[in-house]
Amino acid sequence: MKKLQSDIKKYLKERAWDNLRPGDLAKSIAIESGELLEIFQWSSLSLDEVRKDKGKIDEIKKELADVLIYCFDIAVLLNFDVEGVMRQKLEHIKKKYPAEIMSKMKGKESGTEDAYWQIKKTYRKNGQS
């Protein structure tokens, strides 16, 4: 991860993009994530169906790469330890959504997970994320 961050820092510096505004990068992340989402517009393909669709997989890779590059750009410019930030958030999510509760929802239709929404509602009510 450190090597990737170093490569991105070099890539930004070589292009004189090492002073980009964080807000502009955040906007770019949102724009590119919209393009990723557009791939799935008007469909509700399962994981297996997507995996079997080589054309869709290629589209997803391209758009996901755009999102990830902008995410890493902002992290590098703000001197974040990306691995540390992600590990910290994963630990928070593990506590927020305990495996023993969430695993019971396996196989349920997306959007119907009452426990998930109840946890999310409670956290929002308490001003947490």
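These remarks concern the structure in this document. (Residues numbered from 1 in each chain as written. Predicted model: local features only at pLDDT ≥ 70, side-chain atom pairs only at ≥ 80, totals over all residues. Heavy atoms only, no water.)

### Some thoughts on helix α4 (residues 54-77)
Inference 1: For α4, with 24 residues, the first-to-last C-alpha span of 34 Å sits near the 34 Å given by 1.5 Å per residue.
Inference 2: Three or more residues of α4 are buried, namely Lys-56, Ile-60, Glu-63, Val-67, Phe-72, Asp-73, Ile-74, Ala-75 and Val-76.
Inference 3: Lining the buried residues of α4 we find α1 (2-14), α2 (22-38), α3 (47-52) and α5 (82-96).
Inference 4: Two or three places before Gly-55, at the opening of α4, Asp-53 has a side-chain oxygen 3.2 Å from that residue's backbone nitrogen.
Inference 5: Backbone geometry just after α4 places Asn-79 at a positive phi near 60 degrees. (Helix = DSSP H or I, 4+ residues; strand = E, 2+ residues; numbered from the N terminus. Expected span 1.5 Å × (residues − 1). Buried < 20%, exposed > 50% of the residue type's maximum accessible area, 1.4 Å probe, protein only. Contact = heavy atoms within 4.5 Å. Polar contact = N/O pair within 3.5 Å; in protein donor to acceptor, adjacent residues only side chain to side chain.)

### Remarks on the environment of Asp-24
Inference 1: By the secondary structure assignment, Asp-24 is in helix α2.
Inference 2: Of the residues examined, Asp-24 reaches a relative accessible area of 29% and is grouped as partly exposed.
Inference 3: Between the C-alpha atoms of Asp-24 and Glu-49, which are 25 residues apart in sequence, the distance is 35 Å.

### Side note on the environment of Leu-25
Inference 1: Position of Leu-25 relative to the elements: it lies in helix α2.
Inference 2: Residues Leu-25 and Leu-78, 53 residues apart in the sequence, show an inter-C-alpha distance of 11 Å.

### Observations concerning the side chain of Gln-5
Inference 1: With respect to the helices and strands, the residue Gln-5 is situated in helix α1.
Inference 2: Engagement of the side chain of Gln-5 in a polar contact is seen with the backbone oxygen of Phe-80, the distance being 2.8 Å.

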